[in-house]
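# Structural features, examined
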Amino acid sequence: MSSSDPDERFRESLRCWLEENCPPSMRTPMGGEEDEVWGGSRGVFASPDQRLWLERMAARGFTAPTWPVEYGGAGLTPAQAGLLEEELRRLGCRPPLHSLGLWMLGPVLLRFGGEAQKRRHLPLIARGAVRWCQGYSEPEAGSDLAGVRTRAVLEGDHYVVSGQKTWTSHAAVSDWMFCLVRTGADSARHEGLGFLLVDLSSPGVDVRPIRLISGESPFCETFFDDVRVPVENLVGQPGQGWKIAMSLLEYERAWISRLGDSDFVREEPLEVLARRYLGEERGQLRDAVLRDRIAQVDMDRLCNASAVRHAVEAMEAGRGLGPESSALKLQAMELRQRWRELKVELAGFQGLGWEGPGFSLEELRLTRDWLRSRANSIEGGTSEIHLNIIARRVLGLPD
Amino acid sequence: MGLLETTEQESLRETARRFVRERMPLSHLRQLRDSGSPDGMSRDTWRELAALGLAGITIPVSHGGMGLGWTELGIVLEECGRTLAPTPMMSTGVLGTSALMLGGTSSQLRSWLRPIASGEKLLAVAHDEGSRHAPYNVETRANLGPDGYRLQGEKVLVLDGHVADALVVVARTSGSPGEREGLTLFLVPAQAPGLQVTRTLLVDSRNAARVRLDEVLATPEDILGTLDRGAEVLDPLLDRARVALSAEMLGGLSEAFERTLTQLKTRRQFGVPIGSFQALKHRAARMHCEVSLSRAIVTEALHAIDEDRSNVPLLASAAKARASDTFLHVANEAIQLHGGMGVTDACDIGLFLKRARVAAMTFGDGAFHRDHFARLRGY
Ligand SMILES: Cc1cc2nc3c(=O)[nH]c(=O)nc-3n(C[C@H](O)[C@H](O)[C@H](O)COP(=O)(O)OP(=O)(O)OC[C@H]3O[C@@H](n4cnc5c(N)ncnc54)[C@H](O)[C@@H]3O)c2cc1C
């Protein structure tokens, strides 16, 4: 039986394909970080099914559904991509690939990149063969990104790059970096910037991990010492870097918000945690204040999930999110922080462990996740910077 | 179905907005308030609104309505909320109509839906009794005698009770206050002997009444839904009312926020627009986030009703809590950012704070809904 509505027919064909090709173990809820596939030359698969699922999805172009087929995508319309998304959700399929390349660099290359750049980089991103990291921040240029000092001096057909990037998430496990560099005069803050793609295996690149308060070291300092980068790795024009970098940030914020919601789905609900630590098996929680706070976070999460869904639909309909992405990022991350704090509070003394005996692995995780979450309102732009953006660009308030 | 507005919905919004702006701007509410109008509303304006099809948006076409969904109803309510338009939209278009559609017999539908859609008849729902919203705390009794049911009790905050042609009264036919079982809904004509309706003047000039039922006679034909199982109608009815009121509040809070933005851009102190101060910018930006969250959850809840999703009760609570808290927050901030002018009666912004307070308490405020939500989720 097949419908006469082309959309419905397309949906049916997707459904059949997914049923046939998504391994059953990839239809279970995601567990911890080991269930995320990030790809790249140093990427690891926790199971053969993870690899199979990525390969099959990539072969159909479904890791990047709206990208043109010649760049490794599936060439779907936004509406069709929406159907794919719905069907993936309906079957409970895991994302086959997590990737800054997919979420941020890809859309930017499609918009600003040259043909050769697209052909070279996009298919590798779509297959998860190359992992990218983001080199924007520097010791003296955090919130004030236009202050980057890393220089890229043109010498013949190469840029010679020297300087230091910092807070580069996952640089140590990435293959390439997209970064903001100064190609022009120091005095011209925004105008003198370029958006450059750098192969991290180039001579002169030195990556050193930085330790976080959570004890982890996912991010790094990256030093460039006269690193030679072919001139064809500059995206757009030399002075266009700021515009390109900002466009990428809009994609980044939308994705951060979207990912922010996925942990809520995969982790234990707050009330389950509350029951365990308060020792109340059933019925109404006796601590009315805690109960109210749990409900508040739960409800806010529903609100936030709706806002994210709204935004995703807008993007899929081909509308840019623009500065509205700042509101999305800000509220999603602050909610996540409140959620992590409440979890630690609910766990009481059991939420205070660092390592060793006396605490379960989950409890140690809970504590470290809480510490990690303090970065949520800093990374991807601080909440204050997003409030500035909303005030100026969404609300039009004067400077 | 997507959350983005379709072109049909956009044009409905345009129609509603234009009508409300022209025929029921804020000055309309002020005029009714200051002239001591006995009804607190204009029936002529309501009929004009009905003539556009807006009184019977969700009423099936076969009964004279537009046969549209809750998403569309929400759009119109939002526009009405922008000017605090004194219409029987909530009482009749939402509560009365839903009560009928959820529990009405075919003869009840036949006699009421068409005149509602044309703007001729108004309905009200009488449920709350105490000083807070508490759906099952019903003491009003309906005792079965030889000639039918005798209703005895008192109701508060009956929206538009004083102008309604009939009241849907929630009464107890068995059980005791607080219990879900034992409730029954009766459709009682306004002129029924023993029914005493007193208009109350609320802080926000919203039209409501107290109702006293003294041996009011009702027959089994007047029952909406099933005897003793009225909660099966009342629960979805209240969820719909919560979502609808949230949509109305969304209009009010958006308007209050936008007026505040204008103030921030135009009012000058220290030689600059006050909106250039970062302390105020950040407050405005935080409000913007809350406003967008309210919009997202209200839209989601409206869609959920249209799609008959099982999570409507959860979404309804989340929407009502978010809209209530946001409206109060935005209205308080709005007054503060308007400065001294903000606390004068001449300035419109205060009207929004008053509406926020009343709307928040109606059908449960944030605290009520966090409790309700927790209960639904079993904790
Ligand atoms: C976990 C983590 C991962 C990261 N990953 C990456 C990455 O992969 N790539 C990358 O390039 N960067 C990354 N970053 C860097 C991140 O984007 C910056 O930390 C962030 O932009 C803030 O810059 P800063 O740390 O220099 O703080 P600062 O700019 O020094 O800010 C300090 C404080 O001043 C406030 N402030 C600054 N300017 C203003 C203003 N105009 N108005 C009001 N308040 C202001 C800030 O809000 C903050 O509270 C990461 C950061 C973290 C924490």
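Predicted model, so just to flag it, every value in this text is computed and none were measured. (Residues numbered from 1 in each chain as written. Chains lettered and ligands numbered in written order. Predicted model: local features only at pLDDT ≥ 70, side-chain atom pairs only at ≥ 80, totals over all residues. Heavy atoms only, no water.)

Attention now goes to the overall build of chain B. Each helix and strand in chain B was counted, giving 11 helices and 10 strands. The proportion of buried residues among the 379 residues of chain B is 60%. A separation of at least 24 residues holds for 73% of the contacts in chain B among residues at least 6 apart in sequence. Put simply, chain B shows about 14,200 Å² of open surface, and 51% of that area lies on carbon and sulfur atoms. Each charge class in chain B can be summarised by its mean position, and for the 43 positive and 45 negative side chains these summaries are 6 Å apart. (Helix = DSSP H or I, 4+ residues; strand = E, 2+ residues; numbered from the N terminus. Buried < 20%, exposed > 50% of the residue type's maximum accessible area, 1.4 Å probe, protein only. Contact = heavy atoms within 4.5 Å. Areas by Shrake-Rupley, 256 points an atom, 1.4 Å probe, with all protein chains shown as cover. Lys, Arg positive; Asp, Glu negative; His and termini not counted. Charge placed at Lys NZ, Arg CZ, Asp CG, Glu CD.)

Quick look at the site of the ligand now. Residues and elements named next belong to chain A. As a matter of local geometry, the ligand sits amid 20 residues, with Ser-143, Trp-167, Ser-169, Thr-382 and Glu-384 nearest to it. Backbone polar atom of Gln-134 to a nitrogen atom of the ligand: 2.7 Å apart, as the coordinates give it. In isolation the ligand offers 970 Å² of accessible surface; the protein chains occlude 68% of this area. Of all the secondary structure elements, the ones that give two or more residues to the shell around the ligand are β1 (132–135), β3 (158–169) and α11 (383–394). Considering only residue class, the shell around the ligand consists of six nonpolar, 11 polar and three charged. (Near = heavy atom within 4 Å. Polar contact = N/O pair within 3.5 Å; in protein donor to acceptor, adjacent residues only side chain to side chain. Nonpolar A, V, L, I, M, F, W, Y, C, P; charged D, E, K, R; others polar.)

The interface is formed by 41 residues belonging to chain B together with 41 residues belonging to chain A. Carbon and sulfur atoms supply 62% of the area buried between chain B and chain A, which totals about 3,500 Å² over both sides. Where Asp298(A) meets Arg377(B), a salt bridge forms, and the shortest distance between an N and an O atom there is 3.5 Å. The interface formed by chain B and chain A holds 20 residue pairs in polar contact (both at pLDDT 80 or more) in total. At the level of elements, α7 (231–266), α8 (278–306), α9 (312–338) and α11 (366–376) of chain B are the ones that each hand at least two residues to the side of chain B that touches chain A. With 14 residues, the top contributor of residues to the side of chain B that touches chain A is α8(B). (Buried area = accessible area lost by both parts, 1.4 Å probe. Salt bridge = Lys/Arg side-chain N within 4 Å of Asp/Glu carboxyl O.)

Next up on the list: the pairing of strand β2 (residues 141–145) of chain B. Taken together, the five bridges between β2(B) and strand β3 (residues 148–159) of chain B define a ladder with antiparallel strand orientation. Among the inter-strand pairings, Ala142(B) is bridged to a residue of β3(B), identified as Leu151(B). (Pairing = 2+ DSSP bridges.)

For the rest of this paragraph, the subject is unusual backbone geometry. Residue Asp226(A) is not a glycine yet carries a positive backbone phi of 50°. Take Asp226(A): it is sitting in strand β7 (residues 219–230). A positive phi angle is found at Phe270(B), which is not glycine, with a value near 55°. Relative to the elements of secondary structure, Phe270(B) occurs in the loop between β9 (268–269) and β10 (272–273). By relative accessible area, which is 77% here, Phe270(B) ends up exposed.

This part is about the confidence of the model for chain B. Any region with low pLDDT has predicted coordinates that should not be read closely. Confidence in the prediction for chain B averages 97 pLDDT; 100% of positions are at 70 or higher. Of the two predicted TM-score estimates for the complex, the pTM is 0.93 and the ipTM is 0.92. (pLDDT = per-residue confidence, 0-100.)

Before going further, it helps to spend a moment on the side chain of Arg82(B). All names here are of chain B. By the element assignment, Arg-82 lies in helix α4 (residues 70–82). Look at Arg-82 and you get buried, because its relative accessible area is 6%. Of note is the side chain of Arg-82, whose polar atom sits 3.1 Å from the side chain of Glu-258.

Quick look at the pattern of salt bridges now. All names here are of chain B. Applying the stated criterion across every chain yields a total of 69 salt bridges over all chains. Two residues, Arg-13 and Glu-78, come together in a salt bridge whose shortest N-O distance is 3.2 Å. You can see Arg-13 sitting in helix α1 (residues 7–23) and its partner Glu-78 sitting in helix α4, a full 65 residues away along the chain. Glu-78 matches Arg-13 in its accessibility class, with the two residues each being buried. With a closest N to O distance of 3.5 Å, Glu-120 and Arg-47 form a salt bridge. Pair noted here: Glu-120 is in the loop between α6 (106–117) and β1 (123–126) and Arg-47 is in helix α3 (residues 43–51), with a separation of 73 residues, a long-range link. By relative accessible area, Glu-120 is classed as partly exposed at 43%.

Let's shift gears to the packing of aromatic side chains. Per the counting criterion, the structure on display carries 11 aromatic pairs over all chains. A centroid spacing of 4.9 Å and a plane angle of 15° characterise the contact between Trp103(A) and Trp255(A), whose relative ring orientation is stacked. Within this pair, whereas Trp103(A) is found in helix α4 (residues 100–112), its partner Trp255(A) is found in helix α6 (residues 241–266), the two being separated by 152 residues in sequence. For the ring pair Phe270(B) and Phe277(B), a centre distance of 6.2 Å and an interplane angle of 80° mean the geometry is edge-to-face. Taken together, the aromatic side chains of Trp132(A), Tyr136(A), Trp176(A), Phe178(A) and Phe195(A) make up a single cluster linked through ring pairs. The residue whose ring lies beneath Arg208(A) is Phe223(A), and the NZ or CZ to ring-centre distance is 4.1 Å. Above the face of the Trp354(A) ring, Arg368(A) is positioned so that its terminal group lies 3.8 Å from the ring centre. (Phe/Tyr/Trp six-rings, centres within 6.5 Å; stacked < 30°, edge-to-face > 60°. Lys NZ or Arg CZ within 6 Å of the ring centre and 35° of its normal.)

This part takes up the packing of helix α5 (residues 89–103) of chain B against α6(B). All names here are of chain B. Following both chains from N to C, one finds α5 and α6 inclined at 160°, their axes separated by 10 Å at the closest point. Our classification of the angle between α5 and α6 gives roughly antiparallel. α6 is crossed by α5, and the crossing has left-handed handedness. Along the contact surface, α5 presents Thr-92, Thr-97, Leu-100, Met-101 and Gly-103, while α6 presents Gln-108, Leu-109, Trp-112, Leu-113 and Ile-116. Split by residue class, the contact of α5 with α6 holds six nonpolar, four polar and no charged. (Axes fitted to C-alpha atoms, helices over the stretch in contact; angles between N-to-C directions. Parallel < 35°, antiparallel > 145°, perpendicular 65-115°, else oblique. Left-handed = near helix turned anticlockwise from the far one by under 90°.)

A word on α4(A). Residues and elements named next belong to chain A. For α4, with 13 residues, the first-to-last C-alpha span of 17 Å sits near the 18 Å given by 1.5 Å per residue. In the structure, α4 departs most strongly from a straight axis at Gly-106, where the bend amounts to approximately 35° and where the proline Pro-107 lies between one and four residues downstream. The element α4 is extensively covered by neighbouring structure, given that 11 of its 13 residues are classed as buried. Inspection of α4 places Leu-100, Gly-101, Leu-102, Trp-103, Met-104, Leu-105, Gly-106, Pro-107, Val-108, Leu-109 and Phe-112 among the buried residues, and these make up the whole buried set. Buried residues in α4 make contact with α5 (115–127), β1, β4 (176–182), β5 (193–199), β8 (234–235) and α6. Its side-chain oxygen 3.0 Å from the backbone nitrogen of Gly-101, Ser-99 forms the N-cap of α4. (Expected span 1.5 Å × (residues − 1). Bend = angle between axes of the 7 residues up to and from the residue.)

Before going further, it helps to spend a moment on helix α3 (residues 78–91) of chain A. Residue and element names in this part refer to chain A. Taking 1.5 Å of rise per residue, 14 residues should cover 20 Å, and α3 covers 20 Å from first to last C-alpha, within 8% of that figure. Taken together, the buried positions of α3 are occupied by Ala-81, Gly-82, Leu-83, Leu-84, Glu-87, Leu-88 and Leu-91. Against α1 (6–21), α2 (48–59) and α8 (288–316) lie the buried residues of α3. Immediately beyond the C-terminal end of α3, within one or two residues, lies Gly-92, with a positive phi of roughly 70°.

Residue and element names in this part refer to chain A. The topology assignment puts Asn-21 in helix α1. Residue classification places Asn-21 among the buried residues on the basis of a relative accessible area of 14%. Counting along the chain gives 35 residues from Asn-21 to Arg-56, while the straight-line C-alpha distance between them is 7.1 Å. In this view, Asn-21 contacts Trp-53 and Arg-56; residues no more than four positions away in its chain are not counted.

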